[in-house]
Amino acid sequence: MNVRIRFFAQFGELFGSEIIHESVPGTTLTSLIKGIAAKNSEGYDAIFDKNGAFLDFVILMKNGRRIDNADAGKTRIADGDEIAVFPPVAGG
Amino acid sequence: MIAIQTDDVDIGALIIAAKKHTTGAVVVFDGIVRDDDIVEMELEAYEDVAQKELEKIAEDATTQFNLLSVDIVHRIGRLAVGENILIIVVSAGHREEAYAGSRFIIEAIKAGVPIWKKELTKDGGRWVPGKHRHGSGTKKT
């Protein structure tokens, strides 16, 4: 199954603004992002802490809805999902 | 008009359109690229989501402050010092509602709408840090 992952602001500079990722059914949001970030040590450190948990300020969205970082490990990804990962917003 | 766009907007036309028969006050907020020793500012948005969130904020403000009209135009792309970033025009029966509604909208945008700014300097660039922490996935106001 294919999932679209979008990174914004400094995360976009680290990972690219968009990745189409082939994933296996049952993959969680945390394992999806961790798998992608593992290939980029600077990017990994920008998103995860030393214990492998999302840094507190990292914002996650699935299909336009915010996902609590604490729930990312139990949030399953489905074919066609759009995931967004970004730092605190600074518009206005 | 609720929009995320690269082009500037005619604020005068928005003010004229905001005046209804029962309007007693129109408040305009114009956020501008400030010269903090920068060359330009680059703005990026998660456009689909940001658009929906701006529409929801406008709807909430209208209900909460009895606004007669709301316009929000947030620009993206590269902007020079002095250019408009964000224009909010609200119309209400009385000034208290207009001021409060305008303030509600700008604070809600800053708190949660997925838009980011990068200040471009002679030496490179720096992302403007967001002031709110969102790790819980909930919007902080």
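Residues numbered from 1 in each chain as written. Chains lettered and ligands numbered in written order. Predicted model: local features only at pLDDT ≥ 70, side-chain atom pairs only at ≥ 80, totals over all residues.

(A) Examining the overall build of chain B more closely. Scanning chain B for helices and strands turns up 3 helices and 8 strands. Listed by position from the N terminus, the elements making up chain B come as β-α-β-β-α-β-β-β-α-β-β. Taken over C-alpha atoms, the radius of gyration comes to 16 Å for chain B, in line with the 14 Å a tight globule of 141 residues would show. Scored against the burial criterion, the 141 residues of chain B give a buried share of 36%. Partitioning the intrachain contacts of chain B with sequence separation of at least 6 by distance along the chain shows that 75% fall at a separation of at least 24. (Helix = DSSP H or I, 4+ residues; strand = E, 2+ residues; numbered from the N terminus. Rg over C-alpha atoms; globule rule 2.2 N^0.38 Å. Buried ≥ 20, exposed ≤ 12 C-beta atoms within 10 Å, placed from the backbone. Contact = placed C-beta atoms within 7 Å.)

(B) The sheet that holds strand E4 (residues 65-67) of chain A, seen in detail. All names here are of chain A. The strand order E2-E1-E5-E3-E4 describes an open sheet built from 5 strands, whose pairing is mixed. The sheet is open, and its two edges are formed by strand E2 (18-22) and E4, each paired on a single side. Across this sheet, the average inter-strand angle for adjacent strands is 30°, counted without regard to direction. Two elements, strand E3 (residues 59-62) and strand E5 (residues 82-86), share 4 bridges in a ladder whose sense is antiparallel. By the bridge assignment, Leu-60 is partnered in E5 with Val-85. (Pairing = 2+ DSSP bridges. Axes fitted to C-alpha atoms, helices over the stretch in contact; angles between N-to-C directions.)

(C) Structural context of the pairing of strand E1 (residues 2-7) of chain A. All names here are of chain A. Where burial is concerned, the two faces of E1 differ: the one with Val-3, Ile-5 and Phe-7 is buried and the one with Asn-2, Arg-4 and Arg-6 is not. Pairing geometry for E1 and E2, over 5 bridges, is antiparallel. Bridging across to E2, Arg-6 finds its partner in Glu-18. With 4 bridges connecting them, E1 and E5 associate as parallel partners. Bridge pairing links Ile-5 to Ile-83 in E5.

No statement about biological role is implied by the geometric values presented.
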